[in-house]
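Remarks on the overall topology
Listed here are the chains, written in short residue letters.
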Amino acid sequence: TPLNAITTADRRDKEVVIRLADVHKSFGNLRVLSGVEVGLRAGETTVVIGASGAGKSVILKHIVGLLRPDRGAVYFHEHRIDRLRARELDRLRVRFGFLFQLGALFDSLTVAENIAFPVIEHTRRSPAEVADIVAEKLRMVGLDGLQSKRPAQLSGGQRKRVALARAIALGPEVMLYDEPTTGLDPVRADLINELILKLNRELGVTGIVVTHDMASARKVGHRIIMLEEGRFIFDGTPDELLASKDDRVQRFVEGRATAEDLESLKSRV
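Scope of this entry: the structure provided in the associated data block.

So, how was this worked out
Residues numbered from 1 in each chain as written. Predicted model: local features only at pLDDT ≥ 70, side-chain atom pairs only at ≥ 80, totals over all residues. Heavy atoms only, no water. Helix = DSSP H or I, 4+ residues; strand = E, 2+ residues; numbered from the N terminus. Polar contact = N/O pair within 3.5 Å; in protein donor to acceptor, adjacent residues only side chain to side chain. Contact = heavy atoms within 4.5 Å. Buried < 20%, exposed > 50% of the residue type's maximum accessible area, 1.4 Å probe, protein only. Pairing = 2+ DSSP bridges. Axes fitted to C-alpha atoms, helices over the stretch in contact; angles between N-to-C directions.

Things to note about the side chain of Asp82
Looking at the secondary structure, you find Asp82 in the loop between β5 (79-80) and α3 (86-93). Only 3.0 Å separates the side chain of Asp82 from the backbone nitrogen of Val74, close enough to count as a polar contact. Leaving out residues up to four positions away in the same chain, Asp82 has contacts with Arg68, Pro69, Gly72, Ala73 and Val74.

With respect to helix α2 (residues 56-63)
Burial analysis of α2 places six of its eight residues in the buried class, which makes it a mostly covered element. Two residues or fewer past α2, Gly65 is found with a positive phi of approximately 80 degrees.

Some thoughts on the sheet that holds strand β2 (residues 30-41)
Pairing within the open sheet is antiparallel, and its four strands lie in the order β2-β1-β4-β5. Of all the strands in the sheet, just β2 and β5 have a single pairing partner and so form its edges. Here strand β1 (residues 16-27) runs beside β2; their pairing, made up of nine bridges, is antiparallel. In the sheet register, Leu20 faces β2, and the bridge partner there is Val38. Lying over the sheet, α2 contacts β1, β2 and β4 (71-76), oriented at roughly 120 degrees with respect to β1.

Take a look at the structure:
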């Protein structure tokens, strides 16, 4: 049994932290979400997979209130996210950490200043306390000592780890990871995977990971859900994903194009 496996009995005992209830979202004539239903449980890392443009990142944006559903509801504990005012959302968002796909570090700031930014913005910690928090978070991601560097002086993997240190600076209850291994070689990608596991293990963080990286999905996910045509078509463990008989799931896991895709490619050449 994998170390990150969660049994059915465990799931029954875990509190649902985030719930999307019949969520619909369109952009103009483009329908992206068509009645999404899911409950995300405390202490689990849930991986969301699906084709590009399927709406995975749109789900993350609904969870933190950056988007509101056309129909349906989004809950965080007892709070209905989609009905909160801007000030109420700001207070709630400090309980979330967000690792953006490209890191989104401030190039003009040092590593220490990047990580300190949310702490200074949202707390009244002294400069000494802020420096201690920065050092602690950098130690967690294996980069203590790089406080004075700027993002341009770091490798892609180091920038991603600094961004992760910033995302956990306020001790979030929930971590959202948007394509955390994109642009990294397999070794550095696996380092990010290990950090995701470490945060879940040591801090008890509830994680939601959007990724196309199937090796990453199988390693970090207690649970994997697959989005297609605006709905979830699979929900299960990594082992259940590999054993799925659904051709849509199999094709995605194997990275196999359909006969129709191949035929359309031929016709364009």
